[in-house]
Amino acid sequence: MPKTLEFIANHLPRVTLDEVRRFSNTVEIRNAQAFAAELEAFMQERLESIELPSSMEIEVETVEQTLARKAAALRADISWVPTQTDIQRGRALLLEAFEQSHNLPLPDFARLANKSRQQIYKDIEARRLLALNVGPRGQRLPDWQLDPVKQQLTQTVLQAALEVDAWTLYRALSEPLEGLAGRSPVEVVTADSVDAVAKAVFNVLGVH
C-alpha cells in the first residue's frame, strides 16, 4: 500500500454506534456492534485496493522534520545588524537602569555591608555578589544583596549561570516572572524558598 494510504488507514477514526444508527432507516441492523466492525473492515479493504500514481505519493513528516521546516521558515536570509541608533538606544536604557536608586556605588555598598572595598571586589570576583558595569562609570551593586536571603538567592543564581552576563541575571532576578504570579524573584524569596525561586529563574534563563 502506498505510504499515503497506509498513513490514512492507520489513522482512520473508529466507527461509533451513533454513526451506525444513520443506516437504520434503510437497512435492518440486528447487531450494531458487529455492523460497525464490518464497516471498518470494509473501509480498510477498499483503501488497500487503491493504487495511487507515484507522483501523488507523499511522505508523512516526522515531528523533527516539522520543527526543522518551521525553524528554517523563521530564519532570516540576512542577519540583523544593529544600527548606530539601536546601539545608542540600548546604551541609554542600560544607563537608566544602572542609575536606579537601588543600584549602589561600590563604596556605598561596602559601607552598608560593613565590609572593606577589597572584600567586596573579592566577593564579586568569586560570584558571591552581582555587580553591574556600564563603561567607565564604575561598578554598582543592587541593594537587595544587603539582605542575607536575597543575597543567597543571587549567589545561587550567579554560581549556576556561569555563562550568563550580569545584566541578564539582573533582569531575571528583578523583573516580574509569570511563574511567580507576576512578582520578581527578589521580591518573593524567603529563607525557605530560595531553591524554588532559583529554579524559576533558571527556567527563564534556560539553565539546567
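Everything that follows concerns the structure shown earlier in this document.
Calculation rules
Residues numbered from 1 in each chain as written. Predicted model: local features only at pLDDT ≥ 70, side-chain atom pairs only at ≥ 80, totals over all residues. Heavy atoms only, no water. Helix = DSSP H or I, 4+ residues; strand = E, 2+ residues; numbered from the N terminus. Buried < 20%, exposed > 50% of the residue type's maximum accessible area, 1.4 Å probe, protein only. Contact = heavy atoms within 4.5 Å. Areas by Shrake-Rupley, 256 points an atom, 1.4 Å probe, with all protein chains shown as cover. Salt bridge = Lys/Arg side-chain N within 4 Å of Asp/Glu carboxyl O. Core = buried A, V, L, I, M, F, W, Y, C linked by side-chain atoms within 4.5 Å. Pairing = 2+ DSSP bridges.

Visitor: Give a detailed account of the overall build of the chain, specifying residues and quantitative values.
Guide: Across its full length, the chain carries eleven helices and three strands. Mapped from its N terminus to its C terminus, the chain presents α and β elements in the order α-α-α-α-α-β-α-α-β-β-α-α-α-α. For the chain, the residues scored as buried account for 27% of the 208 residues in total. Taking contacts inside the chain between residues at least 6 apart in sequence as the whole, the part at least 24 apart equals 61%. Per element, the accessible surface of the chain, about 14,600 Å² overall, is 52% carbon and sulfur.

Visitor: So what about the pattern of salt bridges? Which residues, and what values?
Guide: Taken as a whole and judged by the stated rule, the model has five salt bridges. Between E175 and R171 there is a salt bridge, and its shortest N-O distance comes to 3.3 Å. Overall, R171 belongs to the partly exposed group, its relative accessible area being 32%. Among the salt bridges present, the one from R183 reaches E187, with a minimum N-O distance of 3.5 Å. Given a relative accessible area of 39%, R183 falls into the partly exposed group. Residue classification places E187 among the partly exposed residues on the basis of a relative accessible area of 45%.

Visitor: Describe the nonpolar core, and please don't skip the residues or the numbers.
Guide: Ranked by size, the top nonpolar core spans 30 residues in total, and within it L153, V157, L169, L173 and L205 carry the most contacts. Looking at this core, the elements with two or more residues in it are α5 (84–98), α8 (148–160), α9 (166–174), α10 (185–188) and α11 (194–205). A per-element tally of this core places α11 first, with seven residues. Look past the residues within four positions of L169 in its chain and what remains in contact with it is R127, L130, V157, L158, A161, V164 and L205. Ranked by size, the runner-up nonpolar core spans nine residues in total, among them L106, F109, I120 and A131.

Visitor: How would you explain the sheet that holds strand β1 (residues 103–105) if you had to name every residue and give the values?
Guide: A sheet is described by the order of its strands in space; here three strands give the open sequence β1-β3-β2, paired in antiparallel fashion. The open sheet terminates on both sides in strands that have one partner only, identified here as β1 and β2 (132–133). Where β2 and strand β3 (residues 139–142) come together, two bridges link them in antiparallel fashion. The partner of N133 across the bridge, within β3, is Q139.

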